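What follows is the residue order along each chain.
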Amino acid sequence: MIERNAAPRKIVDLLVKVLSSFAALIGIFFLGWILLVVVQKGSAAINWEFFTALPAPPGIEGGGVANALVGTLIITIIATVLGVPIGALAGVYLSEFGRSTRFGALVRFNINVLMGVPSIIVGLFVYTMLVKPVQHFSGYAGAVSLAIIMLPVVARTTEDMLTLVPNALRESALALGAPRWKVTLNVVFRAAKSGMITGTLLAVARISGETAPLLFTALNSPFWPESLAQPMANLTVTIFNYAMSPFAVWQQIAWGASLIIMAAVLALNLLARVGMSGGRK
Amino acid sequence: MKRRMAKDTLTGWSMKAAVLFANLLVFLVALGLLYKARPILASKSLGHLLTSSSWHPLKGEFGFYPFIVGTVEATLLSMVLAVPMCLLAAIYLAEYAPRRLRESAHIVIDLMAGIPSVIYGLFGIIVVVPIVREIGLALGKQNTGYTLLSGGVILAIMVAPVIISVTMEVLRSVPAEARETALALGITRWAAIKHVVLRHSMHGVLSAIVLGFARAFGETIAVMMVIGNVARIPRSVFDPAYPLPALIANNYGEMMSVPLYDSALMLAALILLLVVGGFHLVAHVILYRIEKRW
């Protein structure tokens, strides 16, 4: 450094500090703005009828999203039941058996890529497998596509959480003569329990806001969900359809539904965060 | 004893099956799409499909060029808007901010990443679109607000959590000693960041940007709600555009009836998958190398 005077460098340092903190503030600003708009517009739409009534025909006042609430719950639960066990098993394999193997690295890599696959492609894939052959949209196709999206998320978090379990625990159980599966199930799982619940919560949060894959699979429906083999009402596609419609009443309902979904997703995220910090301790 | 051994093998196998399934899923999806896209690939050359601008499904003409341009331009625009801000924000949070602030920043980032894309789209319609329209009119451009710029802005907001969190992680992975050694020489914080931290983490920052790019490239719902969806090549940011994912999502109803239509959409999805998958591949190879280095 030829420059002897420190003042210019200090000024640059200060400038960067101010600029970068300003940039960080912009992020918070947008989050706040989005939350504010959704809460403001959404709370106006929410009333008793919103939770209990079926959608009203276009142009008619009132109507609710009760069927979509139920549908979203059903689809999410089935997706969780399908996706979590497979994802968790894959995660266990990665952490317990394939931690430093070449195959493990490959799988980890593929799971990362799978996590990045745009959700609409997953939807289209399930469409070609489960919708096209039978020629109608169905609730179970929606659940399968969400399960596929969930799988890598669960696998990754499970692996992360199991890696945190100290090796001494595993070794002492193995030294007692317990077989590998029992060690995993009774020792490692128990130690990583809160972490794995966290992972599942995060995965559920991730899929409960998905819209694109449901467009091709569960579609939507103005009726109560009666069978898994029928198109099934759900909140996100309802939001999408209503938001793009020209009717003010429908748009308002879209805001109400957005508030519900957002509150649920944020609550799951925060809950998972609390669980995570509990698990790390 | 035998039963226990059998159980051990059984759990071993079920785990292997799960891992194999998770592993093969990406290839399965790609192969499925390729299989379904064969009819259109057989009827026209890939080069023609990619460079033709004529999109008339009923006449059997499927030119993807405007859609590819729309996707690339919207994504690049979002990168131009998001990358400088996100890098600065990440530098602040990773290097300047006190620890407590850094930790609460994680919560904000998680929340932003957790907001469903349909809600970003709704926010776009009600907030971004009118603002963009006013700006466009002030600049003397006739526009509806449903434009490339609106899509770019929404995408920029959506990719911010990805870029910021990966960059933060990469910056934090630079060992404290390296930073402290530099600071001990009496240089300013920024000089230490520029010459030590950023030099060490250049590749990681690059991969953060690549991941953000991939995220923006495949985003569907939020973009299609604000970008106008007109299959023409946009001449300015105040023109509407029509990205590939929006094309797929908009035509789910019709693709069962028009011949070759569904095949064309499968090809669109395959292109999307290859691009996004390729970008992810690059980013993760870089990140994996970094992880191994420290």
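Since the structure is predicted, the reported quantities are computational estimates derived from the model, not experimental observations.

Draft legend 1. Molecular detail of the overall build of chain B. When helices and strands are tallied, chain B shows 11 helices and 2 strands. Shown N-terminal to C-terminal, the secondary structure of chain B runs as helices and strands in the order α-α-β-β-α-α-α-α-α-α-α-α-α. Taking the principal axes of its C-alpha atoms as reference, chain B extends roughly 75 × 70 × 35 Å. For chain B, buried positions account for 54% of its 294 residues. Residue pairs in contact within chain B that sit at least 24 positions apart in sequence constitute 73% of those at least 6 positions apart. When the accessible surface of chain B is summed, it comes to about 13200 Å², and 66% of that surface belongs to carbon and sulfur atoms. Of the charged side chains in chain B, 25 are positive and 15 negative; the average position of the first set lies 7 Å away from that of the second.

Draft legend 2. Just the side chain of Arg102 of chain B, in detail. Residues and elements named next belong to chain B. You can see Arg102 is positioned in helix α4 (residues 99–114). Here Arg102 sits buried without a salt bridge, and the closest side chain of opposite charge, Glu103, lies 6.4 Å off (N-O distance). For Arg102, the residues in contact, after removing those within four places along its chain, are Leu93, Ala94, Ala97, Met168 and Arg172.

Draft legend 3. Layout of the packing of aromatic side chains. One pass over the structure, following the stated rule, counts 20 aromatic pairs over all chains. Seen from their ring centres, Phe29 of chain A and Trp33 of chain A are 5.5 Å apart, and the 45° between their planes marks the pair as tilted. Of this pair, Phe29 of chain A and Trp33 of chain A both sit in helix α1 (residues 7–45), 4 residues apart, which is roughly one turn of the helix. Given a relative accessible area of 27%, Trp33 of chain A falls into the partly exposed group. The interplanar angle of 85° and the centroid separation of 6.2 Å between the aromatic rings of Tyr93 of chain A and Phe103 of chain A together place this pair among those described as edge-to-face. Pair noted here: Tyr93 of chain A is in helix α3 (residues 66–97) and Phe103 of chain A is in helix α4 (residues 102–116), with a separation of 10 residues, a long-range link. One aromatic cluster in this structure is built from Trp55, Phe62, Phe64, Phe67, Tyr242 and Tyr261 of chain B. Over the face of the ring belonging to Trp13 of chain B we find Lys16 of chain B, whose NZ or CZ atom lies 5.6 Å from the ring centre.

Draft legend 4. Local environment of the packing of α4 of chain A against helix α6 (residues 139–163) of chain A. Residue and element names in this part refer to chain A. Their axes nearest at 9 Å, the elements α4 and α6 cross at an angle of 135°. The angle between α4 and α6 falls in the class oblique. As for how α4 packs across α6, the hand of that crossing is left-handed. Mapping the contact onto sequence places Arg108, Ile111, Asn112, Leu114 and Met115 in α4 and Pro152, Val153, Ala155, Arg156 and Glu159 in α6. Residues of the contact of α4 with α6, tallied by class, amount to 6 nonpolar, 1 polar and 3 charged.

Draft legend 5. A look at the domain arrangement of chain A. Residue and element names in this part refer to chain A. Split into domains, chain A comes out as domain 1 (7–45) and domain 2 (51–280). Computed over C-alpha atoms, the centres of domain 1 and domain 2 are 30 Å apart. Each side of the interface is counted separately: domain 1 has 9 residues, and domain 2 has 7 residues. Around 690 Å² of area is buried between domain 1 and domain 2 when both sides are counted, 87% of it from carbon and sulfur atoms. Interface area lost by domain 1 to domain 2 is led by Val38, Lys41 and Ala45, which between them contribute 53%. Along the contact surface separating domain 1 from domain 2 lie 0 salt bridges. Inspection of the region where domain 1 meets domain 2 yields 0 residue pairs in polar contact (both at pLDDT 80 or more). In terms of residue class, the side of domain 1 that touches domain 2 is built from 6 nonpolar, 2 polar and 1 charged.

Conventions and cut-offs
- Residues numbered from 1 in each chain as written.
- Chains lettered and ligands numbered in written order.
- Predicted model: local features only at pLDDT ≥ 70, side-chain atom pairs only at ≥ 80, totals over all residues.
- Heavy atoms only, no water.
- Helix = DSSP H or I, 4+ residues; strand = E, 2+ residues; numbered from the N terminus.
- Buried < 20%, exposed > 50% of the residue type's maximum accessible area, 1.4 Å probe, protein only.
- Contact = heavy atoms within 4.5 Å.
- Areas by Shrake-Rupley, 256 points an atom, 1.4 Å probe, with all protein chains shown as cover.
- Lys, Arg positive; Asp, Glu negative; His and termini not counted.
- Charge placed at Lys NZ, Arg CZ, Asp CG, Glu CD.
- Salt bridge = Lys/Arg side-chain N within 4 Å of Asp/Glu carboxyl O.
- Phe/Tyr/Trp six-rings, centres within 6.5 Å; stacked < 30°, edge-to-face > 60°.
- Lys NZ or Arg CZ within 6 Å of the ring centre and 35° of its normal.
- Axes fitted to C-alpha atoms, helices over the stretch in contact; angles between N-to-C directions.
- Parallel < 35°, antiparallel > 145°, perpendicular 65-115°, else oblique.
- Left-handed = near helix turned anticlockwise from the far one by under 90°.
- Nonpolar A, V, L, I, M, F, W, Y, C, P; charged D, E, K, R; others polar.
- Domains from an automatic or database assignment.
- Buried area = accessible area lost by both parts, 1.4 Å probe.
- Polar contact = N/O pair within 3.5 Å; in protein donor to acceptor, adjacent residues only side chain to side chain.

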